[in-house]
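Summary of structural features
So you can see what is in the structure, the chains are spelled out below.
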Amino acid sequence: MKYFSTRGENKGYKSTEAIIQGLANDRGLFVPKSIPRLPFEMDKIQNLSYQDIAFGILKAFFPEYTDKEMRYCVENAYDEKFENSQIAPMVKVGDTNILELYHGKTAAFKDMALSILPYLLTTAMKKENEEHEICILTATSGDTGKAALEGFADVNGTRIIVFYPNEGVSKVQERQMVTQEGENTHVFAIEGNFDAAQSGVKDIFNDVELGHRLLADGVKLSSANSINIGRLVPQIAYYVHAYGNMMKRGEINLGEPVNIAVPTGNFGNILAAYYAKQMGIPFDKLICASNENKVLTDFFNTGKYDIDREFHLTASPSMDILISSNLERLLYHISGGNANIVRELMESLSSHRRYELSKEMKNSLEEFYGGFADDRQTKEIIGRVYAEKGYLMDTHTAVAYKVYEDYVEETNDRKPVIIVSTASPYKFADSVAAAIGLKATDDGFENIDMIFETTGVKIPKALCGLREKEIRHNEIIKSHDMKKAVIDSI
Ligand SMILES: *Cc1c(COP(=O)(O)O)cnc(C)c1O
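Residues numbered from 1 in each chain as written. Predicted model: local features only at pLDDT ≥ 70, side-chain atom pairs only at ≥ 80, totals over all residues. Heavy atoms only, no water.

Considerations on the sheet that holds strand E8 (residues 219-223)
Strands pair in a sheet through their backbones, by hydrogen bonds, and they do so in one of two ways: parallel or antiparallel. Heads up, the condition is: Two strands pair if DSSP finds at least two bridges between them. By definition, any uninterrupted DSSP run of H or I lasting at least four residues is a helix, any uninterrupted run of E lasting at least two residues is a strand, and each is numbered from the N terminus. Here an angle of 0 to 180 degrees is reported between the N-to-C directions of two axes, which are lines fitted to C-alpha atoms, with helices fitted over the stretch in contact. Whether two residues are in contact is decided by their heavy atoms: any pair within 4.5 Å suffices.
Read from one edge to the other, the open sheet built from five strands follows the order E8-E5-E6-E7-E15, with strand pairing classed as parallel. Two strands bound the open sheet, and with one partner strand each, they are E8 and strand E15 (475-478). Adjacent strand axes in the sheet meet at a mean angle of 30° when their direction is disregarded. With four bridges joining them, strand E7 (residues 185-191) and E15 adopt parallel strand pairing. Each residue of the ladder has a partner; that of Ile 190, found in E15, is Ile 477. Along the sheet, helix H21 (residues 482-489) makes contact with strand E5 (133-139), strand E6 (158-165), E7 and E15, crossing E6 at roughly 150°.

Shown next, in the form of structure tokens:
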């Protein structure tokens, strides 16, 4: 099984090479030509542990790893770091099933993939006799940064540099990043939004001269963003596990279709659901939920992707994104693997800030539904679901919950549903406290205490003691100085 660039670079890569390199030489994303089938019998899934499912899925996509190597990666990633022994537990709330992906080290779903990526990467480096230090460059809308820092801190042979938008993350998210320990960690706030950070990182990857200079210094750049295939594939596991979990609890019969609602930013999480479906999990509608930055909602409704619009800072900052990188992989698959089409669309996006799909490609998006919720609706949902059902959710999850409600109202499709919950409510304590009627203060940490006193919902370990931790990173730079920051950090 080889990996190819979505933009047609004429070369097949081993999975280990694709993981080390992150992005193809022509700026495309690595994709397999076809998605493998599930390596399990459907009726067996419900009896498999999270680790067994992750192992099977990862081996299907990354066959270069031996069984022993993959077991080592999986077992070190999905262990007691997770505060719930099921790793990704599901909670019944009314008629919905909420899949909680935030019980890892940093209290957001990015941990699901970033707890294993360092193991996949360092194992790949050994297998490929990689002698360079791998420097991970990461643009973050708040959660990837911290999860990647935790994953790579003090990992031999690696260094990690994180860029986050200075005004675009929650107080708790920021404090998590600036207090990061580890000799090989670097964190910068940039003046600008997430798209500026992500474009800056992509520019650095594309700077051939800089690449050569770093190689001469013994350093190779790679990515921990969901553009890295090693980030994406581990995310398929929780969808397979969730389906098995629903069978086990008698929510569904074998093979019964299930809808999925996903709060979406860079399109990584929902793409993993699409991959799970391609592998054979009977998912029906893939409901793509956005906040006010609703490029994707418009895209699924019209077939036009248009970033020429106002950018909003919202209460769900991890989804404040206009350029959803992983959509490029979906375009590749729905075009039947036609890299010429993808390259043209991406060129149009970079020069005209928009592109439009052909009728044929637009028609193959039927299995997706796009919707959005603004901040007022998001907070209304958090307050209402807490008051009526006693379940507390974060702002991102609430966006998906609201869009799912809209979907049902519009279609009356009442198939069983999984709503994906991507963060602990405590990570966005300011908005959540206000949403449940508390008098939120400017101090994110007081809000954490207040929410706990009112709801009794357990505070994740990751957030306890954060207030007292020493601040180790406090540089704010302009986005055009990102390259310099990289050179200075190495
Ligand atoms: C990253 C993130 C998202 C968006 O996920 P994508 O894979 O980028 O679509 C949603 N919610 C939270 C809390 C996140 O951290």
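Quick notes on the site of the ligand
Put simply, the rule is: Consider each residue's heavy atoms; a residue with any of them within 4 Å of a molecule or strand counts as near. Whenever two N or O atoms come within 3.5 Å, that pair is a polar contact, provided that in protein one can donate a hydrogen and the other can accept it, and provided that, for residues adjacent in sequence, both atoms are side-chain atoms. Computed with a 1.4 Å probe, the accessible areas rest on the Shrake-Rupley method; for each residue, only the protein chains presented here act as cover.
The full set close to the ligand counts 15 residues, and Lys 110, Asp 143, Gly 265, Asn 266 and Thr 422 are the nearest of them. Here an oxygen atom of the ligand and a backbone polar atom of Gly 268 are 3.2 Å apart. A distance of 2.8 Å separates an oxygen atom of the ligand from a polar backbone atom of Asn 269. Here the ligand has 380 Å² of accessible area as a free molecule, and 98% of this is covered by the chains.

As for helix H17 (residues 375-389)
We count it as follows: An expected span of 1.5 Å times one less than the residue number is assigned to each helix. Residue burial is assigned from relative accessible area. The probe radius is 1.4 Å, only protein chains are included, and a residue is buried under 20% of its type maximum, exposed over 50%, and partly exposed in between.
Helix length check: H17 (15 residues) gives 21 Å between terminal C-alpha atoms against 21 Å at 1.5 Å per residue, within 8%. Within the span of H17, buried status applies to Gln 377, Thr 378, Ile 381, Ile 382, Gly 383 and Val 385. Looking at the buried residues of H17, the elements they touch are strand E3 (90-93), strand E13 (368-372), helix H18 (395-411) and helix H19 (429-435). By the N-cap criterion, in which a side-chain oxygen at the helix start approaches the backbone nitrogen of a residue two or three places on, H17 is capped by Asp 374, the distance to Arg 376 being 3.2 Å. Positive backbone phi, at 70°, marks Gly 390, one or two positions downstream of H17.

A word on the packing of helix H2 (residues 50-61) against helix H11 (residues 236-248)
Selection rule: Oblique is the label for every angle not falling under 35 degrees (roughly parallel), over 145 degrees (roughly antiparallel), or within 65 to 115 degrees (roughly perpendicular). By definition, any crossing whose near helix is turned counterclockwise from its far helix by less than a right angle is left-handed, and any crossing with a clockwise turn is right-handed. Any residue that is not Ala, Val, Leu, Ile, Met, Phe, Trp, Tyr, Cys, Pro, Asp, Glu, Lys or Arg is counted as polar, Gly included; the first ten are nonpolar and the last four charged.
With their axes 9 Å apart at the nearest point, H2 and H11 run at an angle of 130° to one another. By the angle class used here, H2 and H11 are oblique. Note that H2 runs across H11; the crossing there is right-handed. Here Tyr 50, Ile 53, Ala 54, Ile 57 and Phe 61 of H2 lie close against H11, whose contacting residues are Ile 236, Ala 237, Tyr 238, Val 240 and His 241. Considering only residue class, the contact of H2 with H11 consists of nine nonpolar, one polar and no charged.

Describing the packing of aromatic side chains
Operational definition: Centres within 6.5 Å are what make two rings of Phe, Tyr or Trp a pair, Trp counting through its six-membered ring; a difference in plane orientation under 30 degrees is then read as stacked, over 60 as edge-to-face, and the rest as tilted. Two limits define a charge over a ring: the Lys NZ or Arg CZ must be within 6 Å of the ring centre, and within 35 degrees of the ring normal.
This model, assessed by the stated rule, comprises 21 aromatic pairs. Centre to centre, the rings of Phe 299 and Tyr 355 are 6.3 Å apart; their planes meet at 75°, and the pair counts as edge-to-face. One end of the pair, Phe 299, is in helix H13 (residues 295-302); the other, Tyr 355, is in strand E12 (residues 354-356), with 56 residues separating them in the sequence. According to the relative accessible area criterion, Phe 299 is buried, its value standing at 0%. Through pairs of rings, three or more aromatic residues link up here, namely Phe 61, Phe 267, Tyr 274, Tyr 275, Phe 299, Phe 300, Tyr 305, Tyr 355 and Phe 368. When the ring centre of Phe 55 is taken as origin, the NZ or CZ atom of Arg 71, which lies over that ring, is 3.8 Å away.

Observations regarding the environment of Val 208
You can see Val 208 is positioned in helix H9 (residues 208-216). What makes Val 208 exposed here is its relative accessible area of 58%. Val 208 sits 163 residues away from Gly 371 along the chain, and the two C-alpha atoms are 39 Å apart.

So, to be careful, I would describe these as geometric facts and stop short of saying anything about function.
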